[in-house]
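Listed below are the residues making up each chain.
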Amino acid sequence: MDKLLNHTFRCNACRGTYEDQQPDGAIYFHACPPLPPDKNGVTAERPDKRDENLSSVARQGAGTIRSEGSGVTCLSDEHIAEPAWITRMKARAAKEEELENA
Amino acid sequence: MSPSATANQGRQVVLATQNVPPPHCIYLTQADQLNLFVAANLIERLRVTARIILPDGSLSINQWDVLVNSGIGNTSLFQFGLSEGFLLSVTVTNQLVARRGQVYARIQLLRGGDFQGTVAQILSQGYITFYSQLFWPDFESVDSVSGIGNSRSITGTTPAAGAEISETVATGLLWRPQMFGFKFTTSGVAGNRQVAVSIDDGVNIFGYIISNVNCGPGAAFFFLMGSGFPVGVLYANTINLPLPADLRLQSGCRIRTSTGSLNAGDQYSNVQYLVEEWISF
């Protein structure tokens, strides 16, 4: 299988760290954990939650991630803004939109 | 011993050698298209081969290579034009090293000029690996969530200090968690922490697994979860927790920790788990 160069990212919302690609080549989809429970024991999602899971797989072509949140910081290469597969997916979506509007 | 009654009687079956009808009765016109639907969670190259008897009696072998380049679990459609004739066979093979559970494909005939055409006939559907291809005729139709899935070892997110672990089943997948391991390092702040693991549907918790071992300050604990594991200390600070047997989690479900008296300096790390995974629509 084709492998991308994997990088380590830190989520700017939850401060968790993760690698964008697993050793087997599969992509890792980060999603922030909920906030710690309040004094009443109620757990809520972060308002700036990042969720890299795809919004849907039911359509042909490029998808979108569920929520950008506060973005990510690449810890292994400061020139990289986000996981490569997301950049690629956005480029593909932009191209499809351009074709649709043409 | 008398000779067998069937011996030396010559050929009983006479085979036609001219104007022989094709063995499979799918007649194609130029309005028919071969359509390949693929759902894959890795980048994969596929080759589609169709053998067609043309009206002049010659055999045409058509081959198309496609790159499933999303690699993120969403679906791809490819369409191939056909010439008039009788379809003899279709195969879909992979060029790389997908394992069962990673590349699910359906090959079908469409009537009409674009992707919105009418599905005339599904020829074959199932997972493709290097050793297991799609083929027609004599195909079998395999659902994407049947049989053995792909065993995947996944390294999860290391949460920030004072935050919980939370791992989500990705979109378009079905997981059967088999093992789930993590490390919990407590800060020096006094007090016992109680580790629990919850399983939810993305919102509502439907499963709680609570450790009966309190985690004191200034120490590291290793938690291992597995089907059939008893609750308790395995060795030193290595603690077992059970996972429900044959638990199937659809996309959006989460496995996460829920820690009683979690301190801001406590740190979860080394999140590693094994799941059996299927593509699920």
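Residues numbered from 1 in each chain as written. Chains lettered and ligands numbered in written order. Predicted model: local features only at pLDDT ≥ 70, side-chain atom pairs only at ≥ 80, totals over all residues. Heavy atoms only, no water.

Tallying secondary structure elements over chain A gives 1 helix and 5 strands in all. Of the regular secondary structure in chain A, the N- to C-terminal order runs β-β-β-β-β-α. Expressed as a percentage of its 102 residues, the buried residues of chain A come to 40%. Sequence-distant contacts in chain A: of pairs separated by 6 or more residues, those separated by 24 or more amount to 41%. Here chain A displays about 5500 Å² of accessible surface, and carbon together with sulfur accounts for 53% of that area. (Helix = DSSP H or I, 4+ residues; strand = E, 2+ residues; numbered from the N terminus. Buried < 20%, exposed > 50% of the residue type's maximum accessible area, 1.4 Å probe, protein only. Contact = heavy atoms within 4.5 Å. Areas by Shrake-Rupley, 256 points an atom, 1.4 Å probe, with all protein chains shown as cover.)

Next up on the list: the overall build of chain B. Scanning chain B for helices and strands turns up 0 helices and 20 strands. Compactness check: chain B gives a C-alpha radius of gyration of 28 Å against a globular reference of 19 Å for 281 residues, more than 25% above the reference. The 281 residues of chain B split such that 50% are buried. By sequence separation, contacts in chain B at least 24 residues apart represent 73% of the contacts at least 6 residues apart. For chain B, the accessible surface area stands at approximately 13100 Å², while carbon and sulfur atoms represent 54% of it. Taken as two groups, the 15 positive and 17 negative side-chain charges of chain B have centres that lie 5 Å from each other. (Rg over C-alpha atoms; globule rule 2.2 N^0.38 Å. Lys, Arg positive; Asp, Glu negative; His and termini not counted. Charge placed at Lys NZ, Arg CZ, Asp CG, Glu CD.)

Right, let's talk about the interface of chain B and chain A for a bit. Of the residues lining the interface, 38 residues belong to chain B; the matching set on chain A comes to 37 residues. Between chain B and chain A, the buried area comes to about 2900 Å², and carbon and sulfur atoms account for 49% of it. For the pair chain B and chain A, the interface holds 1 salt bridge. Its salt-bridge partner being B:Arg254, residue A:Glu45 comes within 2.8 Å of it at the nearest N-O pair. (Buried area = accessible area lost by both parts, 1.4 Å probe. Salt bridge = Lys/Arg side-chain N within 4 Å of Asp/Glu carboxyl O.)

This paragraph deals with the sheet that holds strand β5 (residues 75-81) of chain B. Residue and element names in this part refer to chain B. The strand order β5-β2-β7-β8 describes an open sheet built from 4 strands, whose pairing is antiparallel. Bordering the open sheet on either side are β5 and β8 (118-127), each of which pairs with just one other strand. Neighbour-to-neighbour, the strand axes of this sheet turn through a mean angle of 20°, independent of strand direction. Pairing of strand β2 (residues 32-40) with β5 involves 7 bridges; the strand directions are antiparallel. Of the residues in β5, the one forming a bridge with Ala39 is Thr75. (Pairing = 2+ DSSP bridges. Axes fitted to C-alpha atoms, helices over the stretch in contact; angles between N-to-C directions.)

Bringing the side chain of B:Thr157 into the picture now. With respect to the element layout, B:Thr157 can be found in the loop between β10 (150-155) and β11 (166-168). You can call B:Thr157 buried: its relative accessible area is 5%. Separated by 2.8 Å, the side chains of B:Thr157 and A:Tyr28 make a polar contact. Among the polar contacts listed, one links the side chain of B:Thr157 to the side chain of A:His30, at a separation of 2.9 Å. Among residues more than four places away in sequence, those in contact with B:Thr157 are A:Gly16, A:Thr17, A:Tyr18, A:Tyr28, A:His30, B:Glu167 and B:Val271. (Polar contact = N/O pair within 3.5 Å; in protein donor to acceptor, adjacent residues only side chain to side chain.)

In sheet architecture, strand pairing relies on hydrogen bonds along the backbone and comes in two forms, parallel and antiparallel. Residue and element names in this part refer to chain A. The antiparallel open sheet is built from 3 strands, whose spatial order is β2-β1-β5. Single-partner strands in this sheet number two, and they are β2 (17-19) and β5 (72-74). Each adjacent strand pair in this sheet contributes to an overall mean axis angle of 30°, direction not counted.

Residue B:Pro137 is reached from B:Trp136 by a cis peptide bond, and omega for that bond is 5°. With respect to the helices and strands, the residue B:Pro137 is situated in the loop between β9 (134-136) and β10. Despite not being glycine, A:Arg15 has its phi angle at roughly 70°, a positive value. In this structure, B:Ser261 takes a positive phi of about 60° despite not being glycine. Turning to its location among the elements, B:Ser261 is positioned in the loop between β19 (254-260) and β20 (267-279).

This brings us to the pattern of salt bridges. By the definition in use, this model includes 16 salt bridges over all chains. With its nearest N and O atoms 2.8 Å apart, the salt bridge here joins B:Asp246 to B:Arg248. Owing to a relative accessible area of 45%, B:Asp246 belongs among the partly exposed residues under this scheme. Among the ionic contacts, a cluster of salt bridges with common partners joins A:Glu45, A:Lys49, B:Asp200, B:Arg254 and B:Arg256.

Relative to the helices and strands, B:Asn204 resides in the loop between β13 (193-200) and β14 (205-215). For the pair formed by B:Asn204 and B:Gln178, sequence separation is 26 residues and the distance between their alpha carbons is 22 Å.

Let us look at the environment of B:Glu164. Position of B:Glu164 among the secondary structure elements: in the loop between β10 and β11. Those residues within four positions of B:Glu164 in sequence are excluded, and the remaining contacts are A:Pro33, B:Pro159, B:Thr257, B:Ser258, B:Thr259, B:Leu262 and B:Tyr268. For B:Glu164, the side chain forms a polar contact with the side chain of B:Thr257, separated by 2.6 Å. A polar atom in the side chain of B:Glu164 sits 2.8 Å from the side chain of B:Thr259.

This brings us to the environment of B:Arg254. Its location among the elements puts B:Arg254 in strand β19. Along the primary structure B:Arg254 and B:Ser198 are separated by 56 residues, whereas in three dimensions their C-alpha atoms are 8.0 Å apart. Excluding its chain neighbours within four sequence positions, the residues that come into contact with B:Arg254 are A:Pro34, A:Glu45, A:Lys49, B:Ser166, B:Glu167, B:Thr168, B:Ser198, B:Ile199, B:Asp200, B:Gly202 and B:Val203. Of note is the side chain of B:Arg254, whose polar atom sits 2.8 Å from the side chain of A:Glu45. A polar contact is formed between the side chain of B:Arg254 and the backbone oxygen of B:Gly202, at a distance of 3.0 Å.

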